[in-house]
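Working through the structure, step by step
Now for the letters of each chain:
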Amino acid sequence: MDLANFLIQLLNSVQYGLLLFMLAAGLTLIFGIMGVVNLAHGSFYMLGAYLAYALSAQLGSFTAAIVVGTGLSVVFGLVLERLLFRHFYQREHLDQVLLTFGLIYIFEESRSLLWGDDVHGVPVPPLLTGSLPLTDTLSYPVYRLFMMAICVALAVGLYLLIGKTRLGMKIRAGAFNRDMTESLGINIKLIHALVFAIGVALATVAGMIAAPVSSVYPNMGSSVLIMCFVVVTIGGIGSVRGALIAALLVGLVDTFGKVLLPQVSSMGVYMLMAAVLLWKPEGLFKS
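This report concerns the structure included in the present document.

What counts, and at which threshold
Residues numbered from 1 in each chain as written. Predicted model: local features only at pLDDT ≥ 70, side-chain atom pairs only at ≥ 80, totals over all residues. Heavy atoms only, no water. Phe/Tyr/Trp six-rings, centres within 6.5 Å; stacked < 30°, edge-to-face > 60°. Helix = DSSP H or I, 4+ residues; strand = E, 2+ residues; numbered from the N terminus. Buried < 20%, exposed > 50% of the residue type's maximum accessible area, 1.4 Å probe, protein only. Lys NZ or Arg CZ within 6 Å of the ring centre and 35° of its normal. Polar contact = N/O pair within 3.5 Å; in protein donor to acceptor, adjacent residues only side chain to side chain. Patch = residues over 30% accessible without salt bridge, like charges linked within 9 Å, V, L, I, M, F, W, Y side chains within 5 Å. Areas by Shrake-Rupley, 256 points an atom, 1.4 Å probe, with all protein chains shown as cover. Salt bridge = Lys/Arg side-chain N within 4 Å of Asp/Glu carboxyl O. Axes fitted to C-alpha atoms, helices over the stretch in contact; angles between N-to-C directions. Parallel < 35°, antiparallel > 145°, perpendicular 65-115°, else oblique. Left-handed = near helix turned anticlockwise from the far one by under 90°. Contact = heavy atoms within 4.5 Å. Expected span 1.5 Å × (residues − 1). Core = buried A, V, L, I, M, F, W, Y, C linked by side-chain atoms within 4.5 Å.

Applying the stated criterion across every chain, the model contains 10 aromatic pairs. Pairing F44 with F76 gives two aromatic rings, centres 6.3 Å apart and planes at 75°, and the pair type is edge-to-face. Of the two residues, F44 sits in helix 2 (residues 41-59) while F76 sits in helix 3 (residues 62-83), which places them 32 residues apart along the sequence. Classification of F76 as partly exposed rests on a relative accessible area of 28%. With centroids separated by 5.2 Å and ring planes inclined at 75°, the aromatic side chains of F101 and Y105 adopt a geometry described as edge-to-face. Here F101 and its partner Y105 are both found in helix 4 (residues 93-115), 4 residues apart, which amounts to about one turn of the helix. Classification of F101 as partly exposed rests on a relative accessible area of 40%. Three or more aromatic residues joined by ring pairs form one cluster here, namely F44, F76, F85, F107 and F196. Positioned above the aromatic ring of F88, the side-chain terminus of R91 is 4.7 Å from the ring centre. Stacked on the ring of W279, the Lys or Arg K280 has its end atom at 5.7 Å from the ring centre.

Below, the structure is given as structure tokens:
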């Protein structure tokens with residue numbers, strides 16, 4: 001592998017890792033702060049991809065589709081938390097697993113009724129269709145760089161929200177001790193609703209920006225859900241910083257594994273997870 005190919009694969013691994021981070025960050029927030037095992041998290045990713053397909057066709061603009069889709073995902077998250085998830089915070093994890101497992105089938109059937117079972121494509125915006133030359137013969141798509149920029153911007157925004165704002169302080173307090181937080185007059189139900197909506201929005205945006213690259217197809221959320229749980233396990237449940245580092249590690253191992261050792265590439269990520277858990281059973285970082 002020459003330097004140019006190495007650079008391309010490195011960029012691919014970073015782009016994939018950052019996309020995984022957006023998914024895993026929402027999952028680790030919902031589980032680490034609210035204590036909810038959400039198996040339907042991959043369905044939010046699928047929802048984002050189908051929203052990008054439907055809204056970009058209706059609005060004629062991929063940018064407008066992202067903006068409108070993000071707003072719809074926040075509203076959807078708030079409604080879903082209020083109607084369903086709020087009643088399962090104090091229930092056993094098995095009850096949560098059964099609820100969210102059932103939601104997967106509901107979302108899939110709803111998707112089939114609304115958009116059918118065909119594979120759809122979402123065109124790349126005209127301004128992002130070019131490539132950035134790396135050598136005389138190799139270049140890298142501008143749209144993938146745009147995806148990385150969106151993921152980095154959201155990662156920075158999430159860090160500032162949780163670590164530098166009063167809302168973030170309340171979120172951390174609620175995760176540490178719910179009863180004490182409520183006794184201080186903080187509306188923990190509202191905090192949980194906002195956290196859930198943020199988690200849904202992150203997964204939905206990830207699906208929207210990934211749609212032009214990966215296409216839009218049924219059951220696309222199932223494939224990313226397993227990787228999300230791998231990232232959360234490696235990084236440490238409830239740790240956003242851990243999710244970022246773990247997602248980048250998974251991206252590197254998965255991408256370079258497929259290039260260098262394609263026969264055993266499917267094992268690489270799980271071998272990484274096993275090695276990390278043998279070293280630190282709680283993951284790289286604590287909540």
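With respect to the helices and strands, S13 occurs in helix 1 (residues 3-34). Looking at S13, the relative accessible area reads 0%, which means it is buried. Among the polar contacts made by the side chain of S13, one reaches the main-chain carbonyl oxygen of L10 at a distance of 2.7 Å.

Here we take up a nonpolar patch on the surface. On the surface, a nonpolar cluster with roughly 560 Å² of combined accessible area is contributed by V259, L260, L261, V264, M267 and M271. Summarising the element assignment, M271 is placed in helix 11 (residues 265-279). With relative accessibility at 52%, the residue M271 sits in the exposed group.

For any two helices packed against each other, the geometry comes down to the angle between their axes and how far apart the axes lie. In contact at an axis separation of 8 Å, helix 1 and helix 8 (residues 188-214) are set at 165° when each is read in the N-to-C sense. Considering the angle they form, helix 1 stands roughly antiparallel to helix 8. You can see that helix 1 and helix 8 cross each other, and the crossing is left-handed. Of the residues in helix 8, those touching helix 1 at L19, M22, L23, A25, G26, L29, I30, I33 and M34 are H192, V195, F196, I198, G199, L202, A203, V205, A206, I209 and A210.

The subject of this paragraph is helix 1. The first and last C-alpha atoms of helix 1 sit 45 Å apart over 32 residues, in line with the 46 Å expected at 1.5 Å per residue. Downstream of helix 1 by a residue or two, G35 has a phi angle that is positive, lying close to 70°.

On to the nonpolar core. Counting residues in each nonpolar core, the largest one holds 77 residues, and the members touching the most others are I234 and V250. Tallying contributions element by element places helix 1 first for this core, with 14 residues. Among residues more than four places away in sequence, those in contact with V250 are L20, M227, V230, V231, I234, V269 and L272.

Here we come to the pattern of salt bridges. Throughout the structure, instances matching the rule amount to 5 salt bridges. Among the salt bridges present, the one from R111 reaches E108, with a minimum N-O distance of 2.7 Å. Pair noted here: R111 and E108 are both in helix 4, with a separation of 3 residues, about one helical turn. For K258, the salt bridge goes to D254, with nearest N and O atoms at 3.3 Å. With K258 and D254 both in helix 10 (residues 240-260), this residue pair falls 4 residues apart, about one helical turn. Among the charged side chains, a salt-bridge network with shared partners connects E108, R111 and D117.

Inspection of the secondary structure assignment puts H192 in helix 8. On the basis of relative accessible area, H192 is assigned to the buried category, the value being 3%. For H192, the residues in contact, after removing those within four places along its chain, are I33, M34, E81, Y89 and R178.

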